[in-house]
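# Coordinate inspection notes
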Amino acid sequence: MDILCFGEPMLEFNEQPDGRFLAGHGGDTSNCAVAARRSGARVGVLTHLGADAAGDSFMRLWKDEGIETGAVRRNAEAHTGVYFITHGPDGHSFSYLRKDSAASRIRPADIDPQVIAQAGVLHVSGITQAISDSSCDAVFAAMEAAREAGVQVSFDTNLRLKLWPLARARAVIHAAMEMADIALPGLEDAEVLTGLSDPDAIADFYLGLGAGVVALTLGAEGTLVATGERRDRVAAFPVEAVDATAAGDTFDGAFLAELRAGRDPFAAARYANAAAALSTRGYGAVAPMPKREAVEAFLNE
Ligand code: ADP
C-alpha cells in the first residue's frame, strides 16, 4: 500500500448558498484518502467507525473508490464522526462537531505496528489529534511505529476545528512535526502555530523541526515547496472557486500520490495544485475531487 491515512472520517453537512445543507463524506482523513486514490495511489484508511448508517456509508464509499479497509474497525458503542460547516463571507467556518466518536476513542493499544509497516507513507492530520487525549496518544504511537518500520510520516497541521487551547495545539503539533518527514501545513494554521507570517520563515521553521519536504499551501496563491536543497513557489491555477472546504485535503492526497509515484516535490506540487483547484469548483468534499485523467487533461489545456 502506498499511503495509509489515519484519522477521523466525518459525515459532513455543508451549508449551501441557499441555506440548505448538503450531506456528504468528509473529515480530512477520508478526503485525503479519496484524493490520493483518484490520483492512482494504493490507499488504505486506519480508523474506527460507529456501527451505524454513517459508518456503513463510509465503508461503501471506500469500497467503491478501491480504498483498503482492512485497518478499519467498527465500534458498536460509539457513533461515526459528524460535523456541520457554515460559510461566512470570508470562506468556510466550522460550526459544530459531535465529540466522543468512535475514532476519538482509538487508543495506542489499537495501533498494530504490522499494519503500519505495510504502508509507504503514514499520513496524519492535526484534526485527529484534537479530538481526544487517547486518540492523540494513538497518533503518536502510530507515528513511532512508522518510524521504526522505516515508513515515511506525513503530517498536515489542520487546525480548523480549533478544539484545543492554542498553547496545547502548538505543543502537540510541533511534537508531531518533529516526527514528520513530509510537512503539509496550510498558511493560516502555520501562522497561528509558529507566530511567523513570512512563508519562507515558516518553511525554514518546519525544515528545522526535521521534515525533509515542506509543502506550505497558500490558498489561491499556490504552494511554497522547500527541501534542504531547494525552494520554489509553485503557482496555483486560477479557477472559479465556490467551495474550498477540502482543497487542502485534495492537495495532500494528490501530492502524496505523486511523491509515491516517484515525482519530485516541485512537480508533485504542480499536479496537486491543479487537483486542488479543480476540487474547489464544486460544493462538498468528495464529489468535486478529480481523478488523475481530469487533472492531466486540465494541465494540458
Ligand atoms: P487549507 O484548506 O489546508 O488551508 P489551502 O487553502 O492553502 O489549504 O488550499 C490548498 C491548495 O488548494 C492550495 O495550495 C491551492 O493549490 C489550492 N487552492 C485553494 N484555494 C484555491 C483557489 N481559490 N483557486 C485555486 N486554487 C486554490
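The present account deals with the structure reproduced in this document.

Calculation rules
Residues numbered from 1 in each chain as written. Predicted model: local features only at pLDDT ≥ 70, side-chain atom pairs only at ≥ 80, totals over all residues. Helix = DSSP H or I, 4+ residues; strand = E, 2+ residues; numbered from the N terminus. Rg over C-alpha atoms; globule rule 2.2 N^0.38 Å. Buried ≥ 20, exposed ≤ 12 C-beta atoms within 10 Å, placed from the backbone. Contact = placed C-beta atoms within 7 Å. Near = placed C-beta within 6 Å. Nonpolar A, V, L, I, M, F, W, Y, C, P; charged D, E, K, R; others polar. Pairing = 2+ DSSP bridges. Axes fitted to C-alpha atoms, helices over the stretch in contact; angles between N-to-C directions. Core = buried A, V, L, I, M, F, W, Y, C linked by C-beta atoms within 7 Å. Left-handed = near helix turned anticlockwise from the far one by under 90°.

## A closer look at the overall build of the protein chain
In terms of regular secondary structure, the protein chain is built from 11 helices and 13 strands. For 301 residues, the compact-globule estimate of 2.2 N^0.38 gives 19 Å, and the C-alpha radius of gyration of the protein chain, at 17 Å, lies within 12% of that figure. Taking the principal axes of its C-alpha atoms as reference, the protein chain extends roughly 50 × 50 × 35 Å. In the protein chain, which comprises 301 residues, the proportion classed as buried is 52%. Counting contacts in the protein chain only where the partners sit at least 6 residues apart, residues at least 24 apart contribute 70% of the total.

## Considerations on helix 1 (residues 28-38)
Of all the 11 residues making up helix 1, 11 are buried; the element is thus mostly covered by neighbouring parts of the structure. Buried within helix 1 we find Asp28, Thr29, Ser30, Asn31, Cys32, Ala33, Val34, Ala35, Ala36, Arg37 and Arg38. Remark: Gly40 follows helix 1 within two positions and exhibits a positive phi of approximately 100°.

## Describing the site of the ligand
Close contacts around the ligand come from 21 residues, with Gly186, Thr217, Ala247, Gly248 and Ala276 the closest. Looking at the shell around the ligand, the elements with two or more residues in it are helix 7 (187-194), helix 9 (247-260) and helix 10 (265-279). Within the shell around the ligand, the residues separate by chemical class into 12 nonpolar, 8 polar and 1 charged.

## A few points about the sheet that holds strand 5 (residues 72-75)
Ordered in space as 5-4-1-8-9-10-11-12-13, the 9 strands form an open sheet in which the pairing is mixed. Edge positions in the sheet fall to strand 5 and strand 13 (231-234), since each of these pairs with one other strand and no more. Where strand 4 (residues 43-50) meets strand 5, 4 bridges bridge the pair, whose relative direction is parallel. Pairing of Thr47 across the sheet is with Val72, part of strand 5. Where helix 2 (residues 53-65) meets the sheet, it contacts strand 4 and strand 5, and its direction lies at approximately 170° from that of strand 4. The sheet strands contacting helix 9 are strand 1 (3-6), strand 8 (121-125), strand 9 (152-156) and strand 11 (213-217), and the helix crosses strand 8 at an angle near 170°.

## Digging into the pairing of strand 9
With 5 of its 5 residues buried, strand 9 lies for the most part within the structure. Judged by which residues are buried, strand 9 turns out to be covered on both faces: Gln152, Ser154 and Asp156 on one side and Val153 and Phe155 on the other are all buried. The pairing of strand 8 with strand 9 spans 5 bridges and is parallel. The residue of strand 9 that forms the bridge with His123 is Ser154. Pairing of strand 9 with strand 10 (residues 182-183) involves 2 bridges; the strand directions are parallel. The residue of strand 10 that forms the bridge with Ser154 is Ile182.

## Quick word on the nonpolar core
Within the largest apolar cluster, 91 residues are counted, with the highest numbers of intra-cluster contacts made by Ala36, Leu122, Ala142, Ala254 and Phe255. Considering every element that reaches this core, the biggest residue donor is helix 10, with 9 residues. Filtering out sequence-adjacent residues up to four positions away, Ala142 remains in contact with Phe6, Ile111, Ile116, Leu122 and Val124.

## Here we look at the packing of helix 9 against helix 10
Packing of helix 9 against helix 10 brings their axes to within 8 Å, and their N-to-C directions diverge by 145°. The handedness of the crossing between helix 9 and helix 10 comes out as right-handed. Here Ala247, Thr250, Phe251, Ala254, Phe255, Glu258 and Leu259 of helix 9 come into contact with helix 10, specifically with Pro265, Ala267, Ala268, Ala269, Tyr271, Ala272, Ala275, Ala276 and Ser279. Its residues placed into classes, the contact of helix 9 with helix 10 shows 13 nonpolar, 2 polar and 1 charged.

## A word on the pairing of strand 2 (residues 10-15)
Across 6 bridges, the pairing between strand 2 and strand 3 (residues 21-26) is antiparallel. In the strand pairing of strand 3, Phe13 is matched with Ala23. Connecting the antiparallel pair strand 2 and strand 3 is a turn made up of 5 residues, with Gly19 showing a positive phi of about 95°. Both strand 2 and strand 6 (residues 81-88) contribute to a ladder of 5 bridges, which runs parallel. From the neighbouring strand, Phe13 faces strand 6, where its bridge partner is Phe84.

## A look at unusual backbone geometry
Phi is positive for Asp100, which is not a glycine, with a value near 65°. Assignment of secondary structure puts Asp100 in the loop between strand 7 (91-97) and helix 3 (113-117).

Keep in mind these numbers describe shape, not what the thing actually does.
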